[in-house]
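# Results of the structural survey
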Amino acid sequence: MAVIGASNNRRKFGNRAVRAYKLRGYTVVPINPHETDVEGLRAYKSVLDVPGSIEMASFYVPPDVGERVIEEIARKQIPEVWLNPGAESGALIARARALKIQPIVACSIIALGQDPYAL
């Protein structure tokens, strides 16, 4: 699971998502060009820098950033993206679909059964 917009700021949802996925036993790959590690995990500047495959990504970035990152998601052949509240836009959803990527517009933390405000 790649967390796009992973952060070391524990108040940000990009950090809460890293912690939620770790709690649920996922292999978490933080993606942020400005961080070297997040919650003790090595952070990467781009999904393209991650060795091996990634099965899904969760976006915690503004839609304009997501619209640039979705191209890298396609090149990495990540089949599914979660567009969390505030990360979604009609253009991003349409671009994901055009690239044969399944967009899921929902909070991925809640989908895990976690309360994001309790993390």
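This text gives an overview of the structure that appears in the document. (Residues numbered from 1 in each chain as written. Predicted model: local features only at pLDDT ≥ 70, side-chain atom pairs only at ≥ 80, totals over all residues. Heavy atoms only, no water.)

This part takes up the pattern of salt bridges. Summed over all chains, the structure comprises two salt bridges. As a salt-bridge pair, glutamate 39 and arginine 10 come within 3.0 Å of each other at their nearest N and O atoms. A residue pair is termed long-range when its members are at least 10 positions apart, and glutamate 39 in the loop between strand 3 (37-38) and strand 4 (41-42) and arginine 10 in the loop between strand 1 (2-4) and helix 1 (13-23) qualify at 29 residues. Assessed through its relative accessible area of 47%, arginine 10 is described here as partly exposed. The partner of glutamate 71 in a salt bridge is arginine 95, with the nearest N and O atoms 2.6 Å apart. Residue glutamate 71 is located in helix 2 (residues 63-75), and its partner arginine 95 is located in helix 3 (residues 90-98); the two are separated by 24 residues in the primary sequence. (Salt bridge = Lys/Arg side-chain N within 4 Å of Asp/Glu carboxyl O. Helix = DSSP H or I, 4+ residues; strand = E, 2+ residues; numbered from the N terminus. Buried < 20%, exposed > 50% of the residue type's maximum accessible area, 1.4 Å probe, protein only.)

This part takes up the pairing of strand 6 (residues 80-83). Sheet topology note: the strand 5 (residues 56-59)/strand 6 ladder contains four bridges and is parallel. By the bridge assignment, phenylalanine 59 is partnered in strand 6 with leucine 83. Between the parallel pair strand 5 and strand 6, the chain is carried across by helix 2, and the sense of this crossover is right-handed. Across four bridges, strand 6 lies against strand 7 (residues 102-105) in parallel orientation. Residue pairing for strand 7: valine 81 is matched across the bridge by proline 103. (Pairing = 2+ DSSP bridges. Right-handed = clockwise from strand over helix to strand, strands pointing away.)

With that settled, the discussion passes to the sheet that holds strand 5. One open sheet holds the five strands; their spatial order is 2-1-5-6-7, and the pairing between them is parallel. Every other strand in the sheet has two partners, leaving strand 2 (29-31) and strand 7 as the edge strands with one partner each. Averaged over all adjacent pairs, the angle separating strand axes in this sheet is 20°, with direction ignored. Sheet strands in contact with helix 2 are strand 1, strand 5 and strand 6, and its direction is about 175° off that of strand 5. (Axes fitted to C-alpha atoms, helices over the stretch in contact; angles between N-to-C directions. Contact = heavy atoms within 4.5 Å.)

The description of an aromatic ring pair uses the distance of the two centres, along with the angle that the planes make with each other. Scanning all chains against the criterion turns up two aromatic pairs. Look at phenylalanine 13 and tyrosine 117: their rings are 5.6 Å apart centre to centre, the planes differ by 90°, and that puts the pair in the edge-to-face class. In this pair, phenylalanine 13 sits in helix 1 while tyrosine 117 sits in the segment after helix 4 (108-111), placing the two residues 104 residues apart along the sequence. Phenylalanine 13 sits in the partly exposed class, given a relative accessible area of 31%. Ring centres of tyrosine 21 and tyrosine 26 lie 5.0 Å apart, and the angle between their planes is 85°; this geometry places the pair in the edge-to-face category. (Phe/Tyr/Trp six-rings, centres within 6.5 Å; stacked < 30°, edge-to-face > 60°.)

A few words now on the environment of isoleucine 104. Topologically, isoleucine 104 is positioned in strand 7. When the C-alpha positions of isoleucine 104 and arginine 68 are compared, they lie 18 Å apart, and in sequence the two are 36 residues distant.

Their axes nearest at 9 Å, the elements helix 2 and helix 3 cross at an angle of 10°. By the angle between their axes, helix 2 is roughly parallel relative to helix 3. Of the residues in helix 3, those touching helix 2 at Pro63, Gly66, Glu67, Ile70 and Glu71 are Ala91, Leu92, Arg95 and Ala96. Grouping the constituent residues of the contact of helix 2 with helix 3 by class yields five nonpolar, one polar and three charged. (Parallel < 35°, antiparallel > 145°, perpendicular 65-115°, else oblique. Nonpolar A, V, L, I, M, F, W, Y, C, P; charged D, E, K, R; others polar.)

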